[in-house]
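# Structural description and commentary
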Amino acid sequence: MTDLVGRRIAVGGFMHETNTFQREPTTYADFAGAGDRPPLTRGESVFTRFEGMNTSIAGAMSVLRAAGATLVPLPWASTTPAGYVTRDAYERIAAMIVDDLRAALPVDAVYLSLHGAMVAEHVEDAEGELLARIRSHLGNATPVVASLDFHSNTTRRMFELSDAMVAYCTYPHVDMADAGAKAARILREILVRDRRPEKAYRQLDYLIPLTWQCTSIEPAKSIFAHAARMIDDRVCSTSFTPGFPAADIRDCGASVFAYGWDRDAVERAVDTLHRLIVEAEARFDGKLWTPTQAVREAMRRTAVDSRTVILADTQDNPGVGGRSDTIGLLEALLAERATDAVLGVLWDPDAAAAAHAAGTGATINVGVGAKTGEWGEHPLLREWIVERLGDGQMTCRGPMLDGWKLALGPVALLRSDGVSVVVSSRKVQPMDPAPFHHVGIEPAAQRILALKSSVHFRAAFESIAQAILIVESPGAMIVDPGKLPFTRLRPGVRLSPLGRPFPGPAG
């Protein structure tokens, strides 16, 4: 259909998942440079940067172009999760978005690719504030629709300032482009019908550990399947955002929201989703292994079945603000004399540089990882053989990141005894086999594959695993939100499923 011919729609995005318990700030330079995602993009490049990529903005632009709309570029920015976005970074990028929108007026609508869990040093609800600034120039008559990340801490302010929001339905996020396409189709309906959809929103009163939000396991699997079945000609969208629990803000946690053309049906959909999630509270749980327990169990299993056992180093996941350099699991692999074991991807620019200086085949004596000394760790100093080197430039081909280009800087594969480790100069969560292939490692050929990831690794690696063990090793992304030192959370929210309620801010 080309029923949007002559309509001008502004498209852009601003995405960050902020771990407020991580001390490393997120700066403007982090957004401006390429790493595990594209750099800050502005102007006409927005239309070409994301072609062929599984991204929400790519999905949205495809639908809007097919409908005949004239697209107007707004800036797009994203970077690796870490600590608070600095005031400087937030204000510079938000100003670019607002300035480019103001220069493009009049427009018929705005589509934004947002995350929903960004926290700036001076703004707790960063997306809500951005929407407010956009509304101040658009007014209330122009539709604004956004796509959100699965882990959005979706606030009522975000809900009220937008006409529709559509979140990813999968974790691992294999449907990012699809979510953008869904949002764009709702935006098209709004413009064609000349009518805003009915909408409803509710928050949940408990925090859900990130690892157990996975949609390929229960209870999330059944909840999202039910949410999809409720979409019909009366309800055009249902979303459940389980939240990003490592955010010390008032509105941290899960929410449900829906849109459609029948108020009663939309309200019923939200009530049903809310009830299902309340009833599932006790089931958002699972077994955690210490590093030593996990390695021993993996060795026991692979002694009788050579297929790969995956160890998920969930608390040091750089995709949720981990530093990607803790060594608890690596130490356990070496101490237990594991063989055919690979850990990746460990962030250590110094070790990567030393390996490149020495060359392939050399033996280097360097301390690997743990450069900050946090959690009482120290670099793992021993002799390492430099097995392979790479420049860090690669293109992903897995189910989640197909088409994404990574720029990780110098990369090296180091080995000590039967344990190898992939070290990189920039952080990357192993969501795709590309970093391993880059240094000659075939993941399926390993007995033990230790991954600094919580859930996203499942998209590319779950099919090769005889077992997946979730490891509670040091890192900034604490598995149990009940162990996080909250100070700003709204009173009464349970800090974990069936856990203790937060009493409210002190004083």
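Residues numbered from 1 in each chain as written. Predicted model: local features only at pLDDT ≥ 70, side-chain atom pairs only at ≥ 80, totals over all residues. Heavy atoms only, no water.

### Some points on the nonpolar core
Formally: Among the buried residues, those of types Ala, Val, Leu, Ile, Met, Phe, Trp, Tyr and Cys that are joined through side-chain atoms within 4.5 Å form a nonpolar core. Only protein chains enter the accessibility calculation, which uses a 1.4 Å probe; a residue whose area is less than 20% of its type maximum is buried, one above 50% is exposed, and one in between is partly exposed. A run of H or I in DSSP counts as a helix once it spans at least four residues, and a run of E counts as a strand once it spans at least two, with each numbered from the N terminus. Any two residues whose heavy atoms approach within 4.5 Å at even a single point are treated as in contact.
With 147 residues, the main nonpolar core has Ile9, Phe14, Leu64, Tyr90, Val110 and Leu112 as its most contacted residues. Looking at this core element by element, the count peaks at nine residues for helix α7 (residues 176-193). Setting aside its immediate chain neighbours within four residues, Tyr90 contacts Phe14, Val85, Met118, Ala120, His122, Val123, Ala126, Glu129, Leu130 and Arg133. Trp289, Ala332, Leu334 and Ala412 belong to the second largest nonpolar core, which has 35 residues in total.

### Digging into the side chain of Ser324
With respect to the helices and strands, Ser324 occurs in the loop between β9 (308-313) and α11 (328-335). We classify Ser324 as buried; its relative accessible area is 0%.

### Describing the sheet that holds strand β3 (residues 109-114)
What counts here: A pair of strands counts as paired when DSSP detects no fewer than two bridges linking them. Here an axis means a line fitted to C-alpha atoms, over the contact stretch when the element is a helix, while the angle between two N-to-C directions is reported on a 0 to 180 degree scale.
Read across the open sheet, the five strands follow the order β2-β1-β3-β4-β5; overall the sheet is parallel. On the outer flanks of this sheet lie β2 (70-78) and β5 (164-167), each paired with one strand and no other. Looking at each pair of strands side by side, their axes are set apart by 15° on average, direction ignored. Strand direction decides the pairing type here: strand β4 (residues 144-148) and β5, joined by four bridges, are parallel.

### A word on the packing of helix α4 (residues 87-104) against helix α5 (residues 126-138)
Our working definition: To sort the angles, those under 35 degrees are grouped as roughly parallel, those over 145 as roughly antiparallel, those from 65 to 115 as roughly perpendicular, and the leftovers as oblique. Handedness of a helix crossing follows the sense of rotation of the near helix relative to the far helix, less than a right angle counterclockwise being left-handed and clockwise being right-handed.
With their axes 10 Å apart at the nearest point, α4 and α5 run at an angle of 25° to one another. Of the possible angle classes, the one that applies to α4 and α5 is roughly parallel. Read as a crossing pair, α4 and α5 show a hand that is right-handed. Contact residues: Tyr90, Glu91, Ala94, Ile97, Val98, Leu101 and Arg102 in α4; Ala126, Glu129, Leu130, Arg133, Ile134, His137 and Leu138 in α5.

### Observations regarding the environment of Gln315
Assignment of secondary structure puts Gln315 in the loop between β9 and α11. Those residues within four positions of Gln315 in sequence are excluded, and the remaining contacts are Glu472, Ser473, Pro474, Gly475, Ala476, Met477, Ile478 and Val479.

### A word on the environment of Val270
Assignment of secondary structure puts Val270 in helix α9 (residues 263-279). For Val270, a relative accessible area of 1% translates into the label buried. For the pair Val270 and Arg202, spaced 68 residues apart in sequence, the C-alpha to C-alpha distance is 7.2 Å. Dropping the residues within four chain positions of it, Val270 is found in contact with Ala200, Tyr201, Arg202, Val256, Phe257 and Ala258.

### Concerning unusual backbone geometry
Backbone torsion omega between Leu105 and Pro106 reads 5°, so that peptide bond is classified as cis. With respect to the helices and strands, Pro106 occurs in the loop between α4 and β3.

### Quick word on the packing of aromatic side chains
In this description, a pair of aromatic rings is defined by centroid distance and the angle of the planes. Put simply, the test is: Stacked, edge-to-face and tilted are the three classes for Phe, Tyr and Trp ring pairs, Trp counted by its six-membered ring, which pair at centre distances within 6.5 Å; planes under 30 degrees apart are stacked, over 60 edge-to-face, the rest tilted.
Tallied over the entire structure, the rule returns 12 aromatic pairs. Measuring from centroid to centroid gives 5.4 Å for Phe21 and Phe486, while their planes differ by 90°, and the two rings are edge-to-face. Here Phe21, found in the loop between β1 (8-15) and α1 (28-32), pairs with Phe486, found in the segment after β18 (465-471); they are 465 residues apart in sequence, far enough to count as distant. Among the residues examined, Phe21 registers a relative accessible area of 22% and is labelled partly exposed. With a centroid separation of 4.7 Å and 65° between ring planes, the pair formed by Phe50 and Trp76 is classed as edge-to-face. With a gap of 26 residues between them, Phe50 in the loop between α2 (46-49) and α3 (56-66) and Trp76 in strand β2 connect regions that are remote in the sequence. An aromatic cluster of three or more residues is present, and its members are Phe150, Tyr171, Phe224 and Phe240.

### Digging into the pattern of salt bridges
For clarity, the threshold we go by: Just to be clear on terms, a salt bridge is a Lys or Arg side-chain nitrogen sitting within 4 Å of an Asp or Glu carboxyl oxygen.
The full count for this structure, using the stated rule, is 40 salt bridges. For the salt bridge of Arg307 with Asp305, the shortest nitrogen-to-oxygen distance reads 2.7 Å. Classification of Arg307 as partly exposed rests on a relative accessible area of 46%. Two residues, Asp325 and Arg323, come together in a salt bridge whose shortest N-O distance is 3.8 Å.

### Some points on helix α10 (residues 291-304)
Here is the rule: Given the number of residues in a helix, its expected span is that number minus one, multiplied by 1.5 Å. As used here, the arc is the angular range of directions from the helix axis to the C-beta atoms.
The end-to-end C-alpha distance of α10 is 21 Å, a good match for the 20 Å that 14 residues give at a rise of 1.5 Å each. Those residues of α10 lying buried are Pro291, Ala294, Val295, Glu297, Ala298 and Thr302. All buried residues of α10 fall inside an arc of 165° around its axis, so they share one side. Among the exposed residues of α10, those oriented more than 90 degrees off its buried face are Arg296, Ala303 and Val304.

### Overview of the pairing of β3
The following threshold applies: With the strands pointing away from the viewer, any crossover whose connection runs clockwise from the first strand over the helix to the second is right-handed.
Counted residue by residue, β3 has six buried out of six residues, so it is predominantly covered. With burial as the criterion, each face of β3 is covered, one bearing Ala109, Tyr111 and Ser113 and the other bearing Val110, Leu112 and Leu114. Pairing between β1 and β3: six bridges, direction parallel. Among the inter-strand pairings, Ala10 is bridged to a residue of β3, identified as Val110. Pairing between β3 and β4: four bridges, direction parallel. What sits directly across from Tyr111, in β4, is Val145. Crossover connection from β3 via α5 to parallel β4: handedness right-handed.

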